[in-house]
Each structure stands twice: as C-alpha cells, then as structure tokens.
Amino acid sequence: MIKKYIIGIMFLVPLLAACEKDKLEDTMPPEAVVSLPTDNTVYIRGNTLMFTGEFTDDVELKECTFYLTQGLKATRGWDDPWEPVPQTFPLSGKEDSLVEQFLFELAIPADIKSGDYILSILTVDKALNYSTTEIPIMIK
C-alpha cells in the first residue's frame, strides 16, 4: 500500500515541476495610450483637467496614478504653482480605460500660477512592473 503512494508521488512530482515551469514570469511593463489631454493642451484656471486613455498589460493591470508637476519653462504670475495630491485609480484585466475622468479637483484653482505643467501617469501591473507617460500641458 505504501509502495503505491510512493510510486504515485514519484510520478506526480515531475509533473507538478513541469507545470511550474510553464508559468511565465511577468516582466513586461503595462502601457498607457492617452487620448486626452494631448501634448500642449491649454487649460484655463477654473476649468476641469480631464483625462481619457486606455491601459494594457500582457497579464493583469493593477492601477494608475496621476501626478502634476510644474514644467521647466518660466511661469507667469505671483501665485504658487498648482501642486495637487497624486490621484490613483484601480485598473483590472488585461485592458482597462478611463473616459472623461476629471483629475485632482473638479476645477483648476483660480489662484495658482499659470504656465507649463507636466501631467505624469504611472501605470502599474499586478507584478509591480510599471511605465510612466508624461504629457506637457499649459494652464492659463
């Protein structure tokens, strides 16, 4: 009886090991394709910063995080630059999208410095691979 178990285990162990080798490690970063905003889109203070884009990964998406930083070109005005808190959205599946999603606040604050900004999108998959997409925008 014990011999049957040992013989069964001897056949199952190599089979299980072969199955483990079939699982491929996820090393490919996800991708973001942005429709809105396009490069150098001009936004007026008081309006809404909108985003539309599609996200893809070869295995499984996790999330995307949006950051806004001041650009390198000189800005106009005496007010402080807009530095909103980063905003994260969950993603799922191999493909997901955000359509006409407002970012950071419903309206761009009126008391911020106008000028060049960079919208950065960090896209992460379940294996923690990531990619970054940067879009220059102008706020007046």
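Residues numbered from 1 in each chain as written. Predicted model: local features only at pLDDT ≥ 70, side-chain atom pairs only at ≥ 80, totals over all residues. Heavy atoms only, no water.

We now examine the nonpolar core. If you look at soluble globular proteins, the nonpolar side chains tend to sit buried side by side. Core analysis: the biggest nonpolar cluster contains 23 residues, and Phe 55, Phe 66 and Trp 82 have the highest contact counts within it. Going through the elements one at a time, strand S3 (50-56), strand S4 (61-70), strand S7 (115-125) and strand S8 (130-139) are the ones with two or more residues in this core. No other element matches S4, which puts four residues into this core. Excluding its chain neighbours within four sequence positions, the residues that come into contact with Phe 66 are Phe 51, Pro 86, Gln 87, Phe 89, Leu 98, Leu 103, Phe 104, Leu 119, Ser 120 and Ile 121. (Core = buried A, V, L, I, M, F, W, Y, C linked by side-chain atoms within 4.5 Å. Buried < 20%, exposed > 50% of the residue type's maximum accessible area, 1.4 Å probe, protein only. Helix = DSSP H or I, 4+ residues; strand = E, 2+ residues; numbered from the N terminus. Contact = heavy atoms within 4.5 Å.)

Another aspect to go through is unusual backbone geometry. Generally, phi is negative for residues other than glycine and the peptide bonds are trans, each holding for most cases. The omega torsion across Leu 36 and Pro 37 is 5°, close enough to zero to call that bond cis. Mapping Pro 37 onto the fold places it in the loop between strand S1 (31-36) and strand S2 (41-43). Positioned with a positive phi, Glu 100 is a non-glycine residue whose angle comes to about 50°. Within the secondary structure layout, Glu 100 lies in strand S6 (residues 95-102). Judged by its relative accessible area of 59%, Glu 100 is exposed. Despite not being glycine, Phe 104 has its phi angle at roughly 70°, a positive value. Take Phe 104: it is sitting in the loop between S6 and S7.

Here Asp 57 shows up in the loop between S3 and S4. For the buried residue Asp 57, which engages in no salt bridge, the nearest side chain bearing the opposite charge is Lys 94, 8.3 Å off. Looking at Asp 57, its side chain comes within polar contact range of the main-chain nitrogen of Glu 60, at 2.9 Å. (Lys, Arg positive; Asp, Glu negative; His and termini not counted. Salt bridge = Lys/Arg side-chain N within 4 Å of Asp/Glu carboxyl O. Polar contact = N/O pair within 3.5 Å; in protein donor to acceptor, adjacent residues only side chain to side chain.)

Moving on, we come to the confidence of the model for the chain. The share of residues in the chain with pLDDT of 70 or more is 79%, and the mean pLDDT across the chain is 86. Averaged pLDDT values over the elements of the chain bottom out at 55 in helix H1 (residues 2-22) and peak at 98 in strand S5 (residues 87-90). (pLDDT = per-residue confidence, 0-100.)

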